Amino acid sequence: MSEYGLPKGIVISGTGLWIPPESISNEELVAALNAHAEKFNREHADAIESGEVQAKPYSSAEFIEKASGIKSRYVISKEGILDPERMRPYLPERADDELCLQAEMGLNAARLALEKANKKPEDIDAVIVGASYLQRSYPAIAIEIQGALGIDGFAFDMEVACSSATFALQRAVDAISSGSAKSVLVINPELASPQVDYTDRDSHFIFGDVAVASVVERRETANTDTAWEILGTKAKTLFSNNIRSNFSYTARAADVDPFGPGKLFRQNGRKVFKEVCPMAAAHLESQVQELGMAPSEINRWWLHQANINMNQLIAKKLMGNDVTPERAPVVLDEFANTACAGSIIAFNRHNDDLPVGSRGVICSFGAGYSIGSLALEKVTI
């Protein structure tokens, strides 16, 4: 056992990042929203004038970038989102004997992670899929990917909103620590675009689609030159309604529209900012201190990628005046908020340049509230 309670030698030996082929700029998204708003306001002009209906506000690319730091996002289906008459992606339903879309996304990322870790499917004995939304209740997406790869072992899905990736990585560590698995493939296929209300000025720009995957195993089985040893994990949850999605099969029993007002993603952004930033900073500061380090000794922070202003405030609390893009890299300008995948994208894109002995922290936070983090050190295999 290590000094801090975790068995020594559990590593992340490889990650994979799969990016959808289509991207939407802020300008494209705003053009669609404004066209939709103009049509709505024209058709409801009398009701708007009498005060019975609220006019839909217009947006701008400048507003989006200032409010969030987002410049573009990748999506599975671009055309439907940009159609002012539709304002949602078009994703044709697949037959039961076809690989579902979310499993296909996850499979693409999984293969890239296995390649990076120099692993074959037969080297893996557990698969965990963590995502903010799951395409179906059952059978598990993880089991579908397990079957597609031919992995002999067990698999399951889990959901902790935007902390699903870090919580899933912690479950992988737990499985290896307990001996129930030797090597775990953690997959985070974030099919976020179908949950977005693209007619809502305050949230239509937030999310993008992507899939990431990570291989977690014991150091002695790793087949790479270097890997990231997991020094410690930490998780925290606190109930809040400030980020919520009420989409549910129970809408059928309540005789309400499952896609009606309040059923898709919504948040009270100001309260989230005010409450989550100090929680996340305190969580991370306490974690590194429990590991015998100071925040100043952390070479890189792979933070959750939801909002540039949140990241800057948290980074400032942790690093003071030493905040730089190199120490707290940002990817949300290109990817937007990819729910639980954001911090793993940052890790995937920004870890190879660090020398052996470097230390970093992967952190995510979101609805729940939930905060999950892993402290890492780069080691030679």
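My aim in this report is to walk through the structure given alongside it, one point at a time. Bear in mind the structure is a predicted one, so any value in this text is a computation, not a measurement.

### Some thoughts on the packing of aromatic side chains
Right, on to step 1. What the rule picks out here adds up to seven aromatic pairs.
Right, on to step 2. Ring geometry for Phe207 versus Phe265: centroids 4.8 Å apart, planes at 85°, classification edge-to-face. Taken as a pair, Phe207 in the loop between strand E6 (183-190) and strand E7 (210-218) and Phe265 in the loop between helix H7 (251-254) and strand E10 (266-267) lie far apart in primary sequence, 58 residues in all. A single burial state applies to Phe207 and to Phe265, both of which are buried.
Right, on to step 3. An angle of 85° between the planes, with centres 4.8 Å apart, marks the rings of Trp302 and Phe347 as edge-to-face. Residue Trp302 is found in strand E11 (residues 300-302), and its partner Phe347 is found in helix H11 (residues 342-349); the two are separated by 45 residues along the sequence.
Right, on to step 4. Among the aromatic side chains, those forming a connected cluster through ring pairs are Trp228, Trp302 and Phe347.
Right, on to step 5. Cation over ring: Lys56 sits above Phe40, and NZ or CZ is 5.0 Å from the ring centre.
Right, on to step 6. Lying over the aromatic face of Phe63, Arg201 brings its terminal NZ or CZ to 4.0 Å of the ring centre.

### Things to note about the environment of Pro189
Right, on to step 1. Note that Pro189 resides in strand E6.
Right, on to step 2. Setting aside residues no more than four positions away along its own chain, Pro189 makes contact with Gln102, Met105, Gly106, Val129, Gly130, Ala131, Val210 and Ala211.

### Remarks on the state of the cysteines
Right, on to step 1. Enumeration according to the criterion identifies zero disulfides in this entry.
Right, on to step 2. For the unlinked cysteine Cys100, the closest cysteine sulfur is that of Cys340, found at 15 Å.
Right, on to step 3. For Cys100, a relative accessible area of 7% gives the class buried.
Right, on to step 4. Cys363 provides the cysteine sulfur closest to Cys277, a residue in no disulfide bond, and the two sulfurs are 11 Å apart.
Right, on to step 5. Looking at Cys277, the relative accessible area reads 0%, which means it is buried.

### A word on the pairing of strand E1 (residues 10-18)
Right, on to step 1. Of all the nine residues making up E1, nine are buried; the element is thus mostly covered by neighbouring parts of the structure.
Right, on to step 2. Relative to E7, E1 runs antiparallel, the two sharing eight bridges. For Val11, the partnering residue across the bridge sits in E7 and is Glu217.
Right, on to step 3. Bridging between E1 and strand E8 (residues 226-237) involves two bridges; their strand directions are antiparallel. By the bridge assignment for E8, Ile12 is matched with Trp228.

### Section: helix H6 (residues 164-178)
Right, on to step 1. The end-to-end C-alpha separation of H6 is 21 Å, in line with the 21 Å expected for 15 residues at 1.5 Å each.
Right, on to step 2. Counting buried positions along H6 yields eleven of 15 residues, so the element is predominantly enclosed.
Right, on to step 3. Residues Ser164, Ala165, Thr166, Phe167, Ala168, Leu169, Gln170, Ala172, Val173, Ala175 and Ile176 constitute the buried set of H6.
Right, on to step 4. Backbone geometry just downstream of H6 places Gly179 in the positive-phi region, at approximately 90°.

### A short note on unusual backbone geometry
Right, on to step 1. A cis amide bond, omega -5°, links Tyr138 with the succeeding residue Pro139.
Right, on to step 2. When you line up the elements, Pro139 lands in the loop between strand E4 (126-130) and helix H5 (141-149).
Right, on to step 3. The omega angle of the peptide bond from Gly368 to Tyr369 is -5°, so this bond is cis rather than trans.
Right, on to step 4. By secondary structure assignment, the location of Tyr369 is in the loop between strand E12 (359-366) and strand E13 (370-380).
Right, on to step 5. One non-glycine residue, Asp255, lies in the positive phi region at around 60°.
Right, on to step 6. Looking at the element boundaries, Asp255 is found in the loop between H7 and E10.
Right, on to step 7. Even without being glycine, Ala336 reaches a positive phi, approximately 65°.
Right, on to step 8. Locating Ala336 in the fold gives a position in the loop between helix H10 (332-335) and H11.

Cut-offs used in this document
- Residues numbered from 1 in each chain as written.
- Predicted model: local features only at pLDDT ≥ 70, side-chain atom pairs only at ≥ 80, totals over all residues.
- Heavy atoms only, no water.
- Phe/Tyr/Trp six-rings, centres within 6.5 Å; stacked < 30°, edge-to-face > 60°.
- Helix = DSSP H or I, 4+ residues; strand = E, 2+ residues; numbered from the N terminus.
- Buried < 20%, exposed > 50% of the residue type's maximum accessible area, 1.4 Å probe, protein only.
- Lys NZ or Arg CZ within 6 Å of the ring centre and 35° of its normal.
- Contact = heavy atoms within 4.5 Å.
- Disulfide = S-S within 2.5 Å.
- Pairing = 2+ DSSP bridges.
- Expected span 1.5 Å × (residues − 1).

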